[in-house]
Amino acid sequence: MKLIDCRGFACPAPVLKTKEAVETRGLNELTVIVDNEAARQNVGRFLGSRNFEVLVQVEEGNFHIIGRRKEGMDSKGVMDEKPGAAKKKIMVMVAADRMGHGDDELGSKLIVSFLKTLKEMGDELWRLVFVNNGVKLTISGSEVLPVLKELEEGKIHILVCGTCLTHFNLLDKKQVGETTNMLDIVTAMQLADKVINI
Amino acid sequence: MGKLKNIFATRWGIISVGAFIGVCAALLQKLGNPGNMGVCVACFGRDIAGAIGLHQAGVVQYMRPEIIGFVLGSLLAAYIFKEFRARAGSAPIARFVLGVFAMIGALVFLGCPWRAMLRLAAGDGNAIFGLLGLIGGIWTGTLFLKGGYNLGSVQKTYTSVGWLFPLTMLGFLILMLIFPQIKGEAKSGILFYSVKGPGAMHAFLPVSLAAGLAIGFLAQRSRFCTMGAFRDLILFRQAHLLSGVIALVVSAFIANLLFQQFHPGFVKQPVAHTMQIWNFGGMVLAGLAFALAGGCPGRQLFLAGEGDGDAAVFVMGMIVGAGFAHNFGLASSPNGVGPHGIAAVIIGLLVCLFIGFTMRKRVG
């Protein structure tokens, strides 16, 4: 992924550089690093207007703006540069409301215990994604809601699959995390150093 | 928090900020500020230069609390939303020189871009030529930007560096309280106060200060910028900032109608002249200088409030430029351009071209 370092520059330089990258060089994915909020908004807005999906990460006071073109997602872009990979980024993907197969009651207990223990990963735990039956863990009445809220307050990104919530008709019952789409999930997988599937 | 933090950076955010500034300006005029000059960063900067004696034009000397409020309001917003970042070191002398010539260009037209909008919203047809000049100047600036022009990167610095300019403004406010205006007197202690002319027209100090603080706060949040409005439209086909500027014109227009401050025409407009070539030319110079420096005068004040030492140097350049403009007879008056105004515009354009052509650096 192309990395454009615009730290130290005020607008319009970061936007001009981004424009050149996506229009002249035709890049479909890029990371722009800026160090101020105004530039973050301007670059984000510019990429948005050029039909890019935009994801922003804050690292050491800098903003990493990751843009991916929405149409023509054919780029096989394997990352050769990881933005500021100082510590590991672990992404945990929860695709069920139980852990493992066999006894369902046991599985329910285990997933609760698993999520409660997850914080032991410390700050390497980066993102928590709920899909399929997993989304049921994020709705009102879920036993692990307090645990998830605590994780979210500790700056862990919690993403909840919007399609799944809609499918189960639970969209307005979700109590924690951001509703997300498959592109965000795929982007997160690519950015993560390790993806754990439950 | 994320949503709250960015509410003013949305399309509706910038539109409401622009509309708020427009109404504030019309109201400040109603409450005593000069005609079509509810808010004008160039004129008010010039008045401040007069108040501290950098020039002796007796009709334009007053320590404008709006300007002080802009900087302190921005400082407050930057601290509340954790955006205060002390930074400096991106070609300060170039920014100073750009500030000097931006002020000279604006004073040949008689107004900063904000006042150009306000003049238009009050029916002053001469403002059209100023606005065309402004757009022409900014367009020229975008050619340099496309060609790789920039003033180089900034450095993080001591927090106290970022505080120097807001503290200066606070100092000015304190001076104003120690040496308050005495009716009919041209001087109070060390400060000069106009007894007639635009400098003698002003709203009540706390009202001016409160309006300045509110505008400064909101403009810091929304990044309101008149130069950026046209620059982004030309460079990126983005109308985000422009929507705020249009909102300013529309709201000021409506407020002017309500306050009976709308008087369409070209002649006898308040603090304006009809030499259209120089209304245009002055703003070409100002627009180019703003584009090369990265912000209109208002935006430079807000940036200075959030810790940008280079923007502070630009503002200092503007204040000193106002001194030159009046001491050397460069500023216009309702009778037309000053004796050396035309020469100053030409020299200013040459200086801007020199800066634009010679200062390039690769980014990224």
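Every residue gets a number counted from 1 within its own chain, in the order that chain's sequence is written. Each chain takes a letter, starting from A, and each ligand takes a number, starting from 1, following the order in which they are written. Reporting of local features is limited, given that this is a predicted model, to residues whose pLDDT is at least 70; pairs of side-chain atoms are given and counted only at 80 or more, and all residues count toward the totals for whole chains, interfaces and linings. Neither water nor hydrogens contribute to the side-chain values; these are computed over all heavy atoms in the structure.

Student: Quick rundown of helix α3 (residues 41-51) of chain B? Include the residues and the values.
Tutor: All names here are of chain B. For α3, the buried fraction is high: 11 of the 11 residues fall into the buried class. Three exposure classes are used, based on accessible area relative to the maximum for each residue type with a 1.4 Å probe and protein chains only: buried under 20%, partly exposed in between, and exposed over 50%. Numbering of helices and strands runs from the N terminus, with a helix taken as a DSSP run of H or I at least four residues long and a strand as a DSSP run of E at least two residues long. Where α3 is concerned, the buried positions are V41, A42, C43, F44, G45, R46, D47, I48, A49, G50 and A51. Once α3 finishes, G53 follows within two positions and takes phi at roughly 80°, a positive value.

Student: An account of empty space enclosed by the protein is requested, with residue identities and associated values reported.
Tutor: Residues and elements named next belong to chain B. Here a cavity means grid points, on a 1 Å grid over the protein atoms only, where a 1.4 Å probe fits yet cannot get out; a pocket means an open set of points with protein on both sides within 12 Å along at least five of seven lines; lining residues are those with an atom within 4 Å of a point. Grid points are joined across faces, edges and corners, and a volume is the space filled by probe spheres set on the points. Summed over all chains, the structure comprises 3 cavities of 30 Å³ or more. Considering only enclosed or pocket space, the largest cavity measures out at about 70 Å³ in volume. Lining the largest cavity are V41, G45, I67, M103, F165, M169, P297, L301, V315, M318 and I319. Mapped by element, the contributors of at least two residues to the lining of the largest cavity are α3, α8 (159-178), α13 (297-305) and α14 (309-327). If one sorts the elements of the lining of the largest cavity by residue count, α14 sits on top with 3 residues.

Student: Talk me through the sheet that holds strand β4 (residues 62-69) of chain A; I want residue IDs and the actual numbers.
Tutor: Paired through their backbone hydrogen bonds, the strands of a sheet run either parallel or antiparallel. Residues and elements named next belong to chain A. Here, a strand pair is defined by DSSP locating no fewer than two bridges between the strands. The mixed open sheet is built from 4 strands, whose spatial order is β1-β2-β4-β3. Every other strand in the sheet has two partners, leaving β1 (2-5) and β3 (52-59) as the edge strands with one partner each. Ignoring strand direction, the axes of neighbouring strands in this sheet form an average angle of 20°. For β3 and β4, the ladder comprises 8 bridges, and the chain directions are antiparallel. When the bridges of β4 are listed, E53 appears paired with R68. Axis geometry follows a simple rule: fit a line to the C-alpha atoms, using only the stretch in contact for helices, then measure angles between N-to-C directions, giving values from 0 to 180 degrees.

Student: Quick rundown of the environment of F192 of chain B? Include the residues and the values.
Tutor: Among the secondary structure elements, F192 of chain B is positioned in strand β4 (residues 191-192). Contact between two residues is taken to exist if any of their heavy atoms lie within 4.5 Å; hydrogens are not considered. When near neighbours in sequence (up to four residues on either side) are disregarded, F192 of chain B contacts G50, A51, I52, G53, Q56, Q61, Y62, A186 and K187 of chain B.

Student: So, the state of the cysteines: which residues are in play, and what are the values?
Tutor: Residues and elements named next belong to chain A. Disulfide assignment relies on a single distance test, namely cysteine sulfur atoms paired within 2.5 Å. By the definition in use, this model includes 2 disulfides over all chains. Covalently, C161 is tied to C164 through a disulfide, its sulfur atoms 2.3 Å apart. Torsion about the S-S bond of the C161 and C164 cystine: about 80°, corresponding to right-handed handedness. Accessibility assignment for this pair places C161 and C164 in one class, buried.

Student: Hey, could you go over a nonpolar patch on the surface for me, with residue numbers and the actual values?
Tutor: Judged by side-chain polarity, Y79, W163, L167, L170, I174 and I178 of chain B come together as a nonpolar surface patch covering roughly 530 Å² of accessible area. Element by element, the count of residues in the nonpolar patch is highest for α8 of chain B, at 5 residues. Each patch is assembled from residues with relative accessible area greater than 30% and no salt bridge, linking like charges that lie within 9 Å and nonpolar side chains (Val, Leu, Ile, Met, Phe, Trp, Tyr) that lie within 5 Å. Only the protein chains shown count as cover for residues, and all accessible areas are computed by the Shrake-Rupley method using a 1.4 Å probe. The working definition used for a salt bridge is a side-chain nitrogen of Lys or Arg within 4 Å of a carboxyl oxygen of Asp or Glu.

Student: For the interface of chain B and chain A, give the residues involved together with the corresponding values.
Tutor: Across the contact, 21 residues belong to chain B and 22 residues belong to chain A. Buried area, as used here, totals the accessible surface that two parts lose on assembly, with accessibility defined by a 1.4 Å probe and the loss added over both. Both faces considered, chain B and chain A share a buried interface measuring about 1900 Å² in area, 58% of it formed by carbon and sulfur atoms. Taken together, the connections running from chain B to chain A amount to 1 salt bridge. Here R85 of chain B ties to D35 of chain A by a salt bridge, and the two come within 3.9 Å at their closest N and O atoms. Whenever two N or O atoms come within 3.5 Å, that pair is a polar contact, provided that in protein one can donate a hydrogen and the other can accept it, and provided that, for residues adjacent in sequence, both atoms are side-chain atoms. Here chain B and chain A share 8 residue pairs in polar contact (both at pLDDT 80 or more) between them.

Student: Go over the sheet that holds strand β8 (residues 178-180) of chain A, please, and point to the residues and values.
Tutor: All names here are of chain A. The sheet built from 5 strands is open, its strands ordered β8-β7-β6-β5-β9 with parallel pairing. Each edge of the open sheet carries a strand with a single partner, namely β8 and β9 (194-197). Each strand axis lies, on average, 25° off the axis of its neighbour in the sheet, ignoring direction. In this sheet, β9 lies alongside strand β5 (residues 90-94) in parallel orientation, the contact comprising 4 bridges. Within the sheet, the bridge partner assigned to M93 lies in β9 and is N197.

Student: Mind laying out the confidence of the model for chain B, listing which residues take part and the relevant values?
Tutor: Confidence of the predictor at the level of single residues is given by pLDDT, which spans 0 to 100. On average, residues of chain B carry a pLDDT of 95, and 98% of them reach 70 or more. What the predictor reports for the complex is a pTM of 0.76 with an ipTM of 0.78.

Student: Give a description of a negative patch on the surface that names residues and reports values.
Tutor: All names here are of chain A. Where like charges cluster on the molecular surface, the negative patch consists of E150, E152, E153 and E178. For the negative patch, the leading source of residues is helix α4 (residues 145-153), giving 3 residues. Along the chain, the position of E153 falls in helix α4. The sign given to each residue is positive for Lys and Arg and negative for Asp and Glu; His and the chain ends receive no count. In plain terms, the charge of a residue is placed at NZ if it is Lys, CZ if Arg, CG if Asp and CD if Glu.

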